[in-house]
Amino acid sequence: MDTILEVKNLKKYFDTPGGKLHAVDDVSFTIERGKTLGVVGESGCGKSTMGRVIVHLLEATDGKIFFEGNDITRVNSAELKKLRNDMQMIFQDPYSSLDPRMTVRDLIGEPLKTHKIFKNKEDYEKRVSELMETVGLAERVGLQYPHELDGGRRQRIGIARALALEPKVIVCDEPVSALDVSIQAQILNLLMDLQDNQGLTYIFVTHDLSVVKHISDDILVMYLGQMVEKCPSKELFENNKHPYTKALLSAIPIPAVDVERKHEILKGEISSPINPKPGCRFAPRCPYATEKCHSQSPELREIKPGHFVACHMVTE
Ligand code: SF4
């Protein structure tokens with residue numbers, strides 16, 4: 001086992017006029033080097049915030065983050081610079097993070113210049129060309145601007161920028177959500193090829209379970225800032241236990257006309273993540289909720305090796 005990243009009891013709270021918003025609440029997991037952890041949940045469940053805390057775009061409220069065995073929860077500016085090389089992020093909408101006045105080559109070369117990691121002009125141009133080739137961008141688009149390209153190519157620029165510093169871990173935040181289905185498959189295949197060739201470790205954040213099915217080794221399901229289920233990807237699709245996971249899975253369309261599946265529509269109010277009350281946060285929407293669920297928070301328990309669930313109803 002070669003654990004590259006460990007997150008222990010991570011919390012991220014925000015102050016709001018109504019009280020503390022518990023965006024990430026006591027999340028713990030480990031990732032082995034070269035593997036992918038899919039993180040899924042509805043919009044607002046805290047999955048993107050967690051990714052941003054891990055790469056230090058946001059500061060943790062509490063808990064610990066270890067990278068290659070070192071505590072990186074609080075870092076000084078020199079340590080943060082080093083961490084930026086090791087951990088990168090790919091965003092959902094690369095367009096908004098790309099300067100529209102810069103050409104593709106300039107955008108891809110920008111991290112190299114910021115971190116001064118090239119020997120001379122010739123080395124810089126060679127590195128930019130290599131990065132373009134790695135992500136499947138033709139040389140001819142090098143002098144074009146982001147608005148002249150489709151979403152898939154713009155995401156390739158985002159991936160090339162993330163790869164420029166040769167990171168070990170990449171947090172992919174909904175990287176294919178804004179793309180057409182055919183382009184989604186191309187970008188997912190590119191990410192998987194890069195992982196095979198460069199031994200990258202991914203945290204893949206998405207609201208769409210079908211997207212992470214083939215790319216993830218493990219999947220972590222989040223609901224209102226908390227982990228509700230985590231296990232290997234195959235186990236999640238074949239032997240899922242948490243009522244929320246079941247509802248998420250039932251929403252995935254099946255591409256066959258002769259297969260019927262009941263889509264569980266979640267009813268009930270989503271409870272507030274601001275100063276959350278004791279009890280299961282899913283209780284107002286859970287068809288199996290009992291009195292206990294409304295008063296006692298379920299603990300995350302390992303029901304079999306590697307399979308964790310937080311639900312009073314699930315015992316094995
Ligand atoms: Fe539903 Fe209760 Fe389980 Fe929460 S603890 S998911 S409310 S059965």
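Residues numbered from 1 in each chain as written. Predicted model: local features only at pLDDT ≥ 70, side-chain atom pairs only at ≥ 80, totals over all residues. Heavy atoms only, no water.

A.B. asks: How should I be thinking about the sheet that holds strand 6 (residues 87-90) in this particular structure?
C.D. replies: Two strands in a sheet stick together by hydrogen bonds in their backbones, pointing the same way (parallel) or opposite ways (antiparallel). Taken together, the eight strands give an open sheet; going across it, the order is 6-7-8-3-9-10-12-11, and neighbouring strands pair in mixed fashion. The open sheet terminates on both sides in strands that have one partner only, identified here as strand 6 and strand 11 (301-304). Ignoring strand direction, the axes of neighbouring strands in this sheet form an average angle of 20°. Here strand 7 (residues 169-173) pairs with strand 8 (residues 201-206) via five bridges, running parallel. For V171, the partnering residue across the bridge sits in strand 8 and is I203. On the sheet, helix 2 (residues 77-86) packs against strand 6 and strand 7 and is oriented at approximately 55° with respect to strand 6. In this fold helix 10 (residues 243-250) packs onto strand 3 (36-40), strand 9 (218-223) and strand 10 (226-232), with an angle of close to 105° to the strand it touches most, strand 9. (Pairing = 2+ DSSP bridges. Helix = DSSP H or I, 4+ residues; strand = E, 2+ residues; numbered from the N terminus. Axes fitted to C-alpha atoms, helices over the stretch in contact; angles between N-to-C directions. Contact = heavy atoms within 4.5 Å.)

A.B. asks: Please explain the packing of helix 4 (residues 104-114) against helix 5 (residues 121-134) as it appears in this structure.
C.D. replies: Two packed helices can be described by the angle between their axes and the distance between those axes. Direction vectors running N to C along helix 4 and helix 5 enclose 115°, while the axes themselves pass 9 Å from each other. Seen from above, helix 4 lies across helix 5 with right-handed handedness. Here V104, R105, D106, I108, G109, E110, L112 and K113 of helix 4 lie close against helix 5, whose contacting residues are Y124, E125, R127, V128, S129, L131 and M132. The class makeup of the residues in the contact of helix 4 with helix 5 is seven nonpolar, two polar and six charged. (Left-handed = near helix turned anticlockwise from the far one by under 90°. Nonpolar A, V, L, I, M, F, W, Y, C, P; charged D, E, K, R; others polar.)

A.B. asks: What is the right way to read empty space enclosed by the protein from this model?
C.D. replies: With a probe scaled to a water molecule rolled over the atoms, the places where space remains empty come into view. Using the criterion set out here, one finds one cavity of 30 Å³ or more in the structure. Considering only enclosed or pocket space, the largest cavity measures out at about 80 Å³ in volume. Lining the largest cavity are 13 residues, with P243, C280, C286, C293 and C311 sitting closest to its centre. When grouped by side-chain class, the residues that make up the lining of the largest cavity number eleven nonpolar, two polar and no charged. (1 Å grid on protein atoms, 1.4 Å probe; cavity = no way out; pocket = protein on both sides within 12 Å on 5 of 7 lines; lining within 4 Å. Points joined across faces, edges and corners; volume = space filled by probe spheres on them.)

A.B. asks: For this particular structure, what's the right way to read the pattern of salt bridges?
C.D. replies: Where charged atoms of side chains with opposite charge meet at close range, the side chains can pair. All told, the structure shown has 22 salt bridges when counted by the stated rule. K20 is paired through a salt bridge with D15; the nearest N and O atoms lie 2.4 Å apart. On the basis of relative accessibility, which here comes to 37%, the residue K20 falls in the partly exposed class. For K121, the salt bridge goes to E125, with nearest N and O atoms at 2.8 Å. Taken as a pair, K121 and E125 lie in helix 5 at a separation of four residues, close to a single helical turn. By relative accessible area, which is 28% here, E125 ends up partly exposed. (Salt bridge = Lys/Arg side-chain N within 4 Å of Asp/Glu carboxyl O. Buried < 20%, exposed > 50% of the residue type's maximum accessible area, 1.4 Å probe, protein only.)

A.B. asks: Mind showing me how you'd approach helix 10 here?
C.D. replies: Counting buried residues in helix 10 gives seven out of eight residues, a clear majority hidden from the surface. For helix 10, the set of buried residues is P243, Y244, T245, A247, L248, L249 and S250. Along its buried surface, helix 10 packs onto strand 3, helix 8 (209-212), strand 9, strand 10 and helix 9 (233-239).

A.B. asks: Could you clarify how one ought to interpret the site of the ligand in this entry?
C.D. replies: The ligand sits among 13 residues. The nearest are C280, C286, C293, C311 and H312. In this structure the site holding the ligand corresponds to the largest cavity. Its residues assigned to classes, the shell around the ligand comprises eleven nonpolar, two polar and no charged. (Near = heavy atom within 4 Å. Sits in = over half its atoms within 2 Å of the grid points.)

A.B. asks: Looking at this structure, how should I read the layout of surface pockets?
C.D. replies: Quantified by volume, the largest pocket comes out at close to 450 Å³. Considering the residues around the largest pocket, the lining is formed by 20 residues, among which Q88, M89, F91, R161 and A162 are closest to the centre. When contributions to the lining of the largest pocket are tallied by element, the ones reaching two or more residues are strand 6, helix 3 (94-97), helix 4 and helix 6 (151-163). Residue composition of the lining of the largest pocket, by class: eleven nonpolar, six polar and three charged.

A.B. asks: Help me understand the environment of L83, please; the structure alone is not making it clear to me.
C.D. replies: Relative to the helices and strands, L83 resides in helix 2. Taking the C-alpha atoms as reference points, L83 and D99, 16 residues apart in sequence, are found 24 Å from one another. Sequence-distant contacts of L83, defined by excluding residues within four places in its chain, comprise H56, F67, I72 and V75.

A.B. asks: Could you clarify how one ought to interpret unusual backbone geometry in this entry?
C.D. replies: Negative phi values dominate among residues other than glycine, just as trans dominates among peptide bonds. In the Ramachandran plot, N9 falls in the positive-phi region, its phi being about 50° despite a non-glycine side chain. Among the structural elements, N9 can be located in strand 1 (residues 3-16). For N9, a relative accessible area of 41% gives the class partly exposed.

A.B. asks: Whenever I open this one, the nonpolar core confuses me. Can you help?
C.D. replies: Across soluble globular proteins, nonpolar side chains show a tendency to be buried alongside one another. Within the largest apolar cluster, 55 residues are counted, with the highest numbers of intra-cluster contacts made by I108, I159 and L209. If you tally residues by element for this core, the top one is helix 7 (residues 181-198), at six residues. One finds M50, M89, V205 and L220 within the second-largest nonpolar core, a separate group that totals 29 residues. (Core = buried A, V, L, I, M, F, W, Y, C linked by side-chain atoms within 4.5 Å.)

Such coordinate-based values are descriptive only and should not be taken to indicate function.
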